[in-house]
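Topology and contacts: notes
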Amino acid sequence: MQDFSKYYARKDVQNAIIREAQNREIGIRYGSKGYGKRPQIISFEGDINQLAKEGATSFHFSEERWEDPLKIQTGMTKPQLDQLRIGWDLVLDIDTDFFSFAKFCAQSLVKALEFYDIYCYSLKFSGRSGVHIAVPFEAFPPSVNNKPIQEWFPEGVRTVASYLKNMILKPLAKDIQSVNTIQEIAKSIGKSVEDISPNDTFDPFSVVDIDSVLISSRHLFRAPYSINEKSGLVSVPLKPEQLASFNPTHAKPDDVSTK
């Protein structure tokens with residue numbers, strides 16, 4: 001197992017991870033050994049350094065925000081979790097084996113959000129071949145249909161994700177086909193033309209998708225500036241203007257800057 005302790009010993013990396021960890025349940029992965037105990041929190045920069053020395057290889061956050069993550073217990077009912085939850089972020093996990101397709105999908109989602117005057121989103125490379133787009137809890141109204149917004153999880157995220165997915169379907173298909181023929185796309189992913197173009201209409205979500213697994217209570221996503229064990233690359237935040245030119249090779253630990 002590769003040793004990432006030198007990377008996590010960087011004060012700027014520690015500070016960047018801690019900054020986003022407040023009120024979140026933390027999942028700590030120890031390489032092939034899997035995750036440590038849950039629930040877990042990290043509160044200080046030194047926690048990350050110490051955990052890395054003990055073999056931690058990556059850090060993962062809940063998209064839900066909790067009054068006290070340590071009060072979470074396995075087997076809790078939804079009403080019990082609703083009582084502890086103080087909010088949630090909308091996290092869209094673009095899932096694909098080909099980063100070029102992830103870029104197109106991310107660009108389409110950004111345009112959709114900006115169409116509704118939502119500019120407070122954040123972007124980050126997943127660390128392998130995908131992109132995460134997040135809209136913070138503070139961007140949402142206090143309640144919807146007389147129900148507190150913090151109780152609209154995971155239904156609220158699923159509803160928004162489904163709406164956005166339908167909204168970008170045609171423009172995403174057009175964008176992907178602007179640089180690839182159907183035959184080239186099918187060949188690149190090892191599928192037939194019929195698989196990705198049923199009824200002679202290209203389905204972009206046959207090559208890239210918005211992962212619905214993340215949209216469930218206590219599911220985790222890779223923390224900003226955390227390393228992906230399989231690729232050895234950092235899940236690095238991106239500015240919208242960086243997305244088009246970004247290449248995963250830019251995310252090598254030694255090359256990453258938190259500024």
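A short tour of the structure in this document, coming up.

Reading the values: rules and limits
Along every chain, residues carry numbers that run from 1 in the direction the sequence is written. Totals for whole chains, interfaces and linings use all residues, but because this is a predicted model, local features are given only for residues with pLDDT of at least 70 and pairs of side-chain atoms are given and counted only at 80 or more. Side-chain calculation: all heavy atoms of the structure are included, whereas hydrogens and water are not. Whether two aromatic rings pair depends on their centres lying within 6.5 Å, for rings of Phe, Tyr and Trp, where Trp uses its six-membered ring; planes under 30 degrees apart make the pair stacked, over 60 edge-to-face, and the rest tilted. In this text, helices come from DSSP runs of H or I with a minimum length of four residues, and strands from runs of E with a minimum of two, each type numbered from the N-terminal end. Consider the ring centre and the ring normal. A charge sits over the ring if Lys NZ or Arg CZ is within 6 Å of that centre and within 35 degrees of that normal. Counting rule for disulfides: a pair of cysteine sulfur atoms within 2.5 Å. Criterion for a salt bridge: a side-chain nitrogen of Lys or Arg within 4 Å of a carboxyl oxygen of Asp or Glu. Type-normalised accessible area, obtained with a 1.4 Å probe on protein chains alone, sets the label of each residue: buried when under 20%, exposed when over 50%, and partly exposed for intermediate values. Think of the arc as the fan of directions from the helix axis to the C-beta atoms. Residue contacts follow a heavy-atom distance rule, with two residues in contact if any of their heavy atoms lie within 4.5 Å. Each pair of strands is called paired provided DSSP finds at least two bridges between the two strands. Grid points spaced at 1 Å and placed over the protein atoms alone form the basis of the search, with a cavity being a set where a 1.4 Å probe fits but cannot get out and a pocket an open set showing protein on both sides within 12 Å along at least five of seven lines. Lining residues have an atom within 4 Å of a point. Grid points are joined across faces, edges and corners, and a volume is the space filled by probe spheres set on the points. Three classes are used, and their members are as follows: Ala, Val, Leu, Ile, Met, Phe, Trp, Tyr, Cys and Pro are nonpolar, Asp, Glu, Lys and Arg are charged, and the others, Gly among them, are polar.

1. Regarding the packing of aromatic side chains
A full pass over the atoms with the stated rule returns 11 aromatic pairs. Ring plane angle 70° and centroid distance 5.7 Å describe the contact between F99 and F246, whose orientation is recorded as edge-to-face. Pair noted here: F99 is in helix α5 (residues 99-115) and F246 is in the segment after β12 (237-238), with a separation of 147 residues, a long-range link. Taken together, the aromatic side chains of Y7, Y8 and F59 make up a single cluster linked through ring pairs. Positioned above the aromatic ring of W152 is the side chain of K147, whose terminal nitrogen or guanidinium carbon lies 4.5 Å from the ring centre.

2. So, the state of the cysteines
Within this structure, the stated rule accounts for 0 disulfides. We note that C105 lacks a disulfide partner, and the nearest cysteine sulfur, in C120, lies 19 Å from it.

3. Side note on the pattern of salt bridges
Any two side chains of opposite charge can pair if their charged atoms end up close together. Evaluation of the coordinates by the stated rule reveals 14 salt bridges. Between R24 and D89 there is a salt bridge whose closest N-O contact spans 2.6 Å. Placement of the pair is R24 in the loop between α2 (11-19) and β1 (26-29) and D89 in the loop between β4 (85-88) and β5 (90-95), with a sequence separation of 65 residues. The pair R24 / D89 is uniform in exposure class, with both members buried. Connected via shared salt-bridge partners are E64, K78, D82, R85, K147 and E155.

4. What to know about helix α7 (residues 182-189)
Within the sequence span of α7, burial applies to I182, I185, A186 and I189. The arc that holds the buried residues of α7, viewed along the axis, is 95°, so those residues lie on one side. Away from the buried face of α7 by more than 90 degrees, exposed residues Q183 and K187 are located. For α7, the elements touching its buried residues are α5, α6 (155-177) and α8 (193-196). One or two steps after α7, the chain reaches G190, where phi turns positive at roughly 70°.

5. Topic: the sheet that holds strand β10 (residues 209-210)
The strand order across the open sheet formed by 5 strands is β10-β5-β7-β6-β12, and the pairing between neighbours is antiparallel. Whereas interior strands pair on both sides, the edge strands pair on one side only; in this sheet they are β10 and β12. Taken together, the 2 bridges between strand β6 (residues 122-125) and β12 define a ladder with antiparallel strand orientation. When the sheet's bridge partners are listed, L123 is paired in β12 with L238.

6. Re the layout of surface pockets
Size it by volume and the second largest pocket reaches roughly 430 Å³. What lines the second largest pocket is a set of 21 residues, and nearest its centre among them are E20, R24, S122, A134 and P224. Counting only elements with at least two residues in the lining of the second largest pocket, the list comes to α2, β6 and β7 (131-135). For the lining of the second largest pocket, the leading source of residues is β7, giving 4 residues. A class-by-class count of the residues in the lining of the second largest pocket yields 13 nonpolar, 3 polar and 5 charged.

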